[in-house]
Protein chains: 2
Amino acid sequence: MRKMRVGVVSAYSVKYELRSEREAWELIREVVQGTLKSVDKGISGRDIDFVVISNFSDRFGGILHTAPYVISLIGQNSARGLRVENACASGGTALYVAWNLVRAGLAENVLVVGYEKMSYQPTSAEVNEVLAAAGHPDEIVIGAPFVSLYALIAKSYMDKYGATEEDLALVAVKNHENGLRNPLAAMRRKITVEDVLKSPYVSWPLKLYDSSLITDGAAGFIVSREPKKFTDTPVYVESVSLAHDTPGVFERPDITELKAIRHAAEEAFKISGLSVSDIDVLEVHDAFTISELITYEMLGLAKRGEGAKILKEGVTTFTGEKPVNPSGGLKSKGHPIGATGVGMVAELYWQLRGEAGDRQVRDAERGLMENHGGTGGTVVVAIFSR
Amino acid sequence: MRKMRVGVVSAYSVKYELRSEREAWELIREVVQGTLKSVDKGISGRDIDFVVISNFSDRFGGILHTAPYVISLIGQNSARGLRVENACASGGTALYVAWNLVRAGLAENVLVVGYEKMSYQPTSAEVNEVLAAAGHPDEIVIGAPFVSLYALIAKSYMDKYGATEEDLALVAVKNHENGLRNPLAAMRRKITVEDVLKSPYVSWPLKLYDSSLITDGAAGFIVSREPKKFTDTPVYVESVSLAHDTPGVFERPDITELKAIRHAAEEAFKISGLSVSDIDVLEVHDAFTISELITYEMLGLAKRGEGAKILKEGVTTFTGEKPVNPSGGLKSKGHPIGATGVGMVAELYWQLRGEAGDRQVRDAERGLMENHGGTGGTVVVAIFSR
């Protein structure tokens, strides 16, 4: 079963925005139409036999049961559909499900739609209350928002490896610089290390500019069993791995690790027969600056404790050897939860087809995405090639 | 792939309650422990390699990202997991996913957990607002709750086939009588046709007693690739079908049909090689009394327009030829959304193993469940045999 080369044959994304004027179902509608229309050789709604929806919370949009809605939008009713949720890794989980549906012969062409309208909640306090529901029940009870949990991780990492607040700031600076080149990014604003350091602490040592954006957005893609029917230049899904860690930070022996990233990456490399040295471009889950640095280490891009070192050496910048988050990442492009992982697939689809415009990474043949939920309780790593 | 006989090897349910004193995660914890402990030959958490969660809304419980939580409860971290949602058919959808994971060789033993704590919302008006989010966006905009949409269906059915409010009442009376025999049922109270007719209209012609219960509950089961390893008397999953209709009632040419039920049933019968005449016991989705009558017709138990006729003839009563909802159904046992379809699997597991106590249907060898979401926008039909 593993030898079948499932291909991505289309991708689409709305521009992510801090506050969209449109309702969640309007974002969905644009994505459904846009994804179908973006197929090189054309596709009919009738060709879609499965729809997978990625959405985190109905408190971010007010709608549920959206699979039959999307099925009706494509003018189908013999297609099947469902929604999946795994916190911020819902989009990656949808890719995992779609890829396996095709590999298992349960579907020919799967349309994946991810969306989140976070501005449905009137204040950021209310947004954070919804987000906190993805934590361990005991963390929810004590009222710990994710920024505080990541702050514990950051402090522990800084103590153990001597990293500094400046090191964290460099992640934000890099991703904002990348976002300047991405017309889909929600916050296209150049920032300096000083800007980050001067921004207010949200949960020490993490500051406002260490944190990803609260955003509205939606994205979609289609995976196919016979990709060449729909395009001469599909992007192949080489592997998708889904792995988990304890949902609670307090349950982990070493909180400076996000070990489900390592487990998922090891499996994804094993299935694909590739290694990190084969990867030309990466989209990773920089929910907070600290998580991008630890992700470098878990993926094998850097040794333990040397995440900031490779960033300072320029390895992961736009023109470096392993550009990470050319889209601007969750930090500048935005983080509309259910859309995030789906948007990563879209970005890598464009990068590997050479269609990424000003943010095109040169000679990008293979890409990797890392999408995680909670504090790494769920992780999806996927590898793509052109 | 279709020839593999996937088996249910355990099932568990909390008693459904109108208002549980326990939090959602406490209900989940009881179900996880209870489902593991109920395996005849014993099972270890290590044997579970996939967890599928069924839950409708985080507004009914306040928690999300529960797959890694359940994985941690079973003392695992190499298992994978995700949550699925398809409105009131989330539980059936979880069965569809679990069955296919095993058939596709992606998992050996899948633990399915469904839960919903509807009393998390303080008033029934707020409960109904959450439920309404499962409708078509245009139905949500006009503020149509499901009882009004089902009232349109009921009125249209009554006009077309001459059915009466008394006919509808008989469904409620039957299911409440069945619920008297079920210690897991939330409302064990005998009611008469007169009680139903005297109850207040919620949305004419549907009354309070035509409506299923707002309930807290949770249930679980395990499906296995090698069921005999865990029990000498597994209940085999012969087929599971997932089908859809338009999400909006207004989009249908004939609203007296719930045609996705017919499509799902036809496919489930085809895959299993069985017909409705082979079925000994049924659990169906009596969200409102009208839906049970139409379901009889869609499943082929009755001709179109003759749902009430077969009920009055006693065909579907506890001692009839085709007992429907011996558990008491959504009407008396209760309807904790994400748990509902999972609880149907549990009920049929007990019925087909002869473990259903006072509500045991005699000589039950084959069972059918029908679980639907919205006004039938999603339907799951599954067939089981001992």
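Details of the structure are given in the entry above.
The structure displayed is predicted, hence computed values, not measured ones.

Draft legend 1. Fine view of the pairing of strand β4 (residues 109-117) of chain A. Residues and elements named next belong to chain A. Taking burial as the measure, the nine residues of β4 include nine buried ones, the bulk of the element. Burial of the side chains of β4 extends over both faces: N109, L111, V113, Y115 and K117 are buried on one face and V110, V112, G114 and E116 on the other. Bridge analysis of strand β2 (residues 50-54) against β4 gives five bridges, and the strand direction is parallel. Looking across to β4, one finds that I53 is bridged to V113. As paired elements, β4 and strand β7 (residues 216-224) share nine bridges and run antiparallel to each other. Each residue of the ladder has a partner; that of V112, found in β7, is F221.

Draft legend 2. Examining the interface of chain A and chain B more closely. On the chain B side, the residues contacting the 42 residues of chain A number 42 residues. At the level of secondary structure, the elements contributing two or more residues to the side of chain A that touches chain B comprise α2 (66-73), β3 (80-85), α3 (90-103), α5 (137-141) and β8 (235-244) of chain A. With six residues, β3(A) is the largest single contributor of residues to the side of chain A that touches chain B. Classifying every residue of the side of chain A that touches chain B gives 19 nonpolar, 16 polar and seven charged. As defined by bridge partners, β3(A) adjoins strand β3 (residues 80-85) of chain B across three bridges and the pair is classed as antiparallel. In the sheet register, A:V84 faces β3(B), and the bridge partner there is B:V84.

Draft legend 3. Inspection of helix α1 (residues 24-37) of chain B at higher detail. Along its 14 residues, α1(B) runs 20 Å from first to last C-alpha, staying within 8% of the 20 Å computed at 1.5 Å per residue. Among all positions of α1(B), only B:A24, B:W25, B:L27, B:I28, B:V31, B:V32, B:T35 and B:L36 are buried. Seen end-on, α1(B) carries its buried residues on one side only, within an arc spanning 155°. Residues of α1(B) that are buried in the fold lie against α5 of chain A together with β1 (6-13), α2 (66-73), β4 (109-117) and β7 (216-224) of chain B.

What counts as what
- Residues numbered from 1 in each chain as written.
- Chains lettered and ligands numbered in written order.
- Predicted model: local features only at pLDDT ≥ 70, side-chain atom pairs only at ≥ 80, totals over all residues.
- Buried ≥ 20, exposed ≤ 12 C-beta atoms within 10 Å, placed from the backbone.
- Helix = DSSP H or I, 4+ residues; strand = E, 2+ residues; numbered from the N terminus.
- Pairing = 2+ DSSP bridges.
- Contact = placed C-beta atoms within 7 Å.
- Nonpolar A, V, L, I, M, F, W, Y, C, P; charged D, E, K, R; others polar.
- Expected span 1.5 Å × (residues − 1).
- Arc of directions from axis to C-beta.

Function cannot be inferred from these measures alone, as they are strictly geometric.
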